[in-house]
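Coordinate inspection notes
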Amino acid sequence: MNESPQMLADPSITLPSPLTREQSDLVLRLTQELDNSHLWWLSGYLAGIARRGGAGPIIDAGASAPTADSNQVTVVYGSQTGNARKVAESLFADLRAAGLSARLVRADVYPTRELVQERLLYVVISTQGEGDPPDDAIGLIEYLDGRRAPKLPELKYAVLGLGDSSYADFCGIGRRLDARLAELGAQRLFDAGEADLDIASVAGPWRASALEQAGHHGKTSGPAAETPTPIPPAVSASSTHTPASPFRAEVIANQRISGRDFKGPAYAEYAQPDKHIRHIELALEGSDIRYEPGDALGIVHRNSDALVDATLDSLSLSGDAEVSHEGASRPLREWLAAHRELTRLSRPFLAAHIERGAGDLAQLLEPGRSADLARLFNTHQLIDLLQHWPVDWSADAFVASLRPVTARLYSIASSRKRVGDEAHLTVDILQYEAFGRAHAGAASHYLAQIGEGGEVPVFLHRNERFRVPSDTGRDIIMIGPGTGVAPFRAFVQERAETGASGRNWLCFGAQHFNSDFLYQREWQQALQRGELHRLDLAFSRDQADKIYIQHRLRERGRELFDWLRNGAHLYVCGGIAMSKDVHAALRDIVAEHGALDQEDASAYLTDLQSGGRYSRDVY
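Okay, so let's go over this structure. Residues take numbers from 1 onward in each chain, read along the sequence in its written order. Per-residue local features are limited, in this predicted model, to residues with pLDDT of at least 70; the limit for side-chain atom pairs, both in listing and counting, is 80 or more; totals at the level of whole chains, interfaces and linings are taken over all residues. Only heavy atoms go into the side-chain values, all of them from the structure, while hydrogens and water stay out.

Bringing the pattern of salt bridges into the picture now. What makes a salt bridge here is a side-chain nitrogen of Lys or Arg within 4 Å of a carboxyl oxygen of Asp or Glu, nothing more. Using the criterion set out here, one finds 39 salt bridges in the structure. Here arginine 188 makes a salt bridge to aspartate 178, at a shortest N to O gap of 2.9 Å. Of this pair, arginine 188 sits in strand S5 (residues 187–188) while aspartate 178 sits in helix H5 (residues 172–183), and the two are 10 residues apart along the sequence. Burial here depends on accessible area, computed with a 1.4 Å probe over protein chains only, as a share of the maximum for the residue type. Under 20% is buried, over 50% is exposed, and the range in between is partly exposed. With a relative accessible area of 9%, aspartate 178 lands in the buried category. For glutamate 555, the salt bridge goes to arginine 556, with nearest N and O atoms at 3.1 Å. Judged by relative accessible area, which is 46%, glutamate 555 ranks as partly exposed. Segments assigned H or I by DSSP are reported as helices when at least four residues long, segments assigned E as strands when at least two residues long, and all are numbered from the N terminus.

The next point concerns the sheet that holds strand S20 (residues 569–574). Spatial strand order, S19-S18-S17-S20-S21: five strands in an open sheet with parallel pairing. Both edges of this open sheet fall to strand S19 (534–539) and strand S21 (614–618), since each of them pairs with a single strand only. Each neighbouring strand pair of the sheet contributes to a mean axis angle of 10°, computed without reference to strand direction. A pair of strands is labelled paired if DSSP reports no fewer than 2 bridges between them. Bridge analysis of S20 against S21 gives five bridges, and the strand direction is parallel. Paired with valine 572 across the strands is arginine 616, a residue of S21. Axis geometry follows a simple rule: fit a line to the C-alpha atoms, using only the stretch in contact for helices, then measure angles between N-to-C directions, giving values from 0 to 180 degrees.

Time to look at the packing of helix H20 (residues 557–565) against helix H21 (residues 576–594). Here H20 crosses H21 at 85°, and the two axes come no closer than 9 Å. Classed by the angle they form, the pair H20 and H21 counts as roughly perpendicular. Each of Gly557, Arg558, Leu560 and Phe561 in H20 lies in contact with H21, whose residues at this interface are Leu586, Ile589, Val590, His593 and Gly594. Classifying every residue of the contact of H20 with H21 by side-chain character gives five nonpolar, three polar and one charged. Here roughly perpendicular refers to angles of 65 to 115 degrees, roughly parallel to angles under 35, roughly antiparallel to angles over 145, and oblique to all remaining angles. Residue contacts follow a heavy-atom distance rule, with two residues in contact if any of their heavy atoms lie within 4.5 Å. Basically, the charged four are Asp, Glu, Lys and Arg, the nonpolar ten are Ala, Val, Leu, Ile, Met, Phe, Trp, Tyr, Cys and Pro, and anything else, Gly included, counts as polar.

As a further point, take the sheet that holds strand S12 (residues 408–411). Strand order across the open sheet formed by six strands is S12-S9-S16-S7-S8-S13, with antiparallel pairing between neighbours. On the outer flanks of this sheet lie S12 and strand S13 (422–428), each paired with one strand and no other. Ignoring strand direction, the axes of neighbouring strands in this sheet form an average angle of 40°. Two elements, strand S9 (residues 296–299) and strand S16 (residues 455–461), share four bridges in a ladder whose sense is antiparallel. Looking at the pairing, isoleucine 299 lines up with valine 458 of S16. Of the strands in this sheet, strand S7 (247–256), strand S8 (277–283), S9, S12, S13 and S16 touch helix H15 (residues 442–449), which is tilted by about 65° from S12.

Before going further, it helps to examine helix H6 (residues 200–217). Take the residue count of a helix, subtract one, and multiply by 1.5 Å to get its expected span. With 18 residues, H6 ought to run about 26 Å at 1.5 Å a step, and its terminal C-alpha atoms sit 25 Å apart, in line with that. Along H6, the residues classified as buried are Ala203, Trp206, Ala210 and Ala214. The arc that holds the buried residues of H6, viewed along the axis, is 75°, so those residues lie on one side. For H6, exposure combined with an orientation more than 90 degrees from the buried face picks out Glu212 and His216. Contact partners of the buried residues in H6: strand S1 (73–78), helix H3 (83–97), strand S3 (120–126), strand S4 (156–162) and strand S6 (193–195). Directions from the helix axis toward the C-beta atoms define the arc.

To continue, consider unusual backbone geometry. Not every positive phi belongs to a glycine, and serine 316 is a case in point at roughly 55°. Following the sequence through the fold, serine 316 ends up in the loop between helix H8 (305–315) and strand S10 (322–325). Of note, tyrosine 519 is a non-glycine position whose phi angle comes to about 60°, a positive value. Mapping tyrosine 519 onto the fold places it in the loop between helix H17 (513–516) and helix H18 (520–529).

By themselves, these figures tell us nothing about what the structure is for.
Structure representation (structure tokens):
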């Protein structure tokens, strides 16, 4: 459909006032010379520029944000959860402390036109899921992969990739970016770093090499070297509670909100076919945790006794065996219960297991077998590997080969403005039967067992890129199937408590209306009170043909695009596979109702992301 949008008359798009005569003439010429499809695109783009609220700083090197020059070192980062940003900030601090001219830029606002002027570029980038870029680096990756990418014979560079070796395409985006820059003619200074969850062990040496090479590049002279640009904090406020020193939050409520009644916390009962989702309320009184909607709580869990026992039995090892590792000495059982990852496989452990005799698995590590390796990681836990491919392990070697336990993050499903010193979580209890035994998620199983009055070790994980708009007059569209609805419960509460005048549109999906409609009564009450203005639902298993949330979006495409072109903010939360389907649906909606081709529709969405109007929290 090709219509003539009344962009300049739209009251939700506020231009600077008053405009000069020259500015008014320029706007008029633009609207006369552009065709309708470009006007549709421009309306959303300008709204994003005008209302960048909640997106965080554009350039992180300070207010002046100098452009590229021959002596300057540019550090670009792409980060989904904040780890890549922290490493980049540390490198930036090192460079400035050494008297070097440097700038720190987030990938989505890096001026790609300046790439040909760069002489020394460091990139710190995380990999999301199976080889996907973080949201703030999508545009940069697409640019470098596209036809417009320039030749870079004068550029020297190095890349640090952050990832998770429990995924087959470990640090895939870092490797892909490193290879692409070389293809464009740039000179690689040293091999790309690939950091697993133990980031410091790789990032530290990589930073040292980067600093050494930058030292040969040239020092600044004058005020810039004497007065380094201040580095903005990675978070809006600090907390003393960390994974190593969590706050023990009391459980106020822990109730099942989906499926049939839960029969008890015993590990064996987790082989149930239906969804098991719990609503958990934690008391934060006495802590310094001050979260905002969009943030997550980190849960420092313990592996279940049943899983630890099964692991010890498979290894024929005693849990009382004393194991010393990295300066700590404790019984093997305690290592496995609280300090080592037992439910996720990783490439390093698989390689070590193969070396000890599980030769049948060696082919999975060969080039071209990444799909088979991913299938193994997705279907097998550590216990399955030990039972189906048994080899001899000593207690010391086994502990040394396992990754340190990693805290799990859960989106906070409440606003402090409504609930005070509490944090609410919506937890999907992972449970399934495989290979003749019950399997469970480590942290979700841990949380399901803790009754009221118990304690959960927690810390705050901020998500600065997933925030309600600072402009409370903005409309928001929230897409959150299943437990992805959790942060949107917080968003709606926050917007109600702050008296936001913008409309709230929630799109929720699950399997069954009767058993999986999370927070149904709350949404109905929010509609009645005017806190929620639109609710669209998709229950995939309630009819012969499966209906997912992306189908509902396509049905509502005209309204959705109207909201976007009028400046609405768009949010997606949930699994990576879902987010890809939703993104594809959004691209088709923009193409159809904005009269754009697929390439321009993709660029429209990328610009929304760069402008802070399209945010995703995916896992």
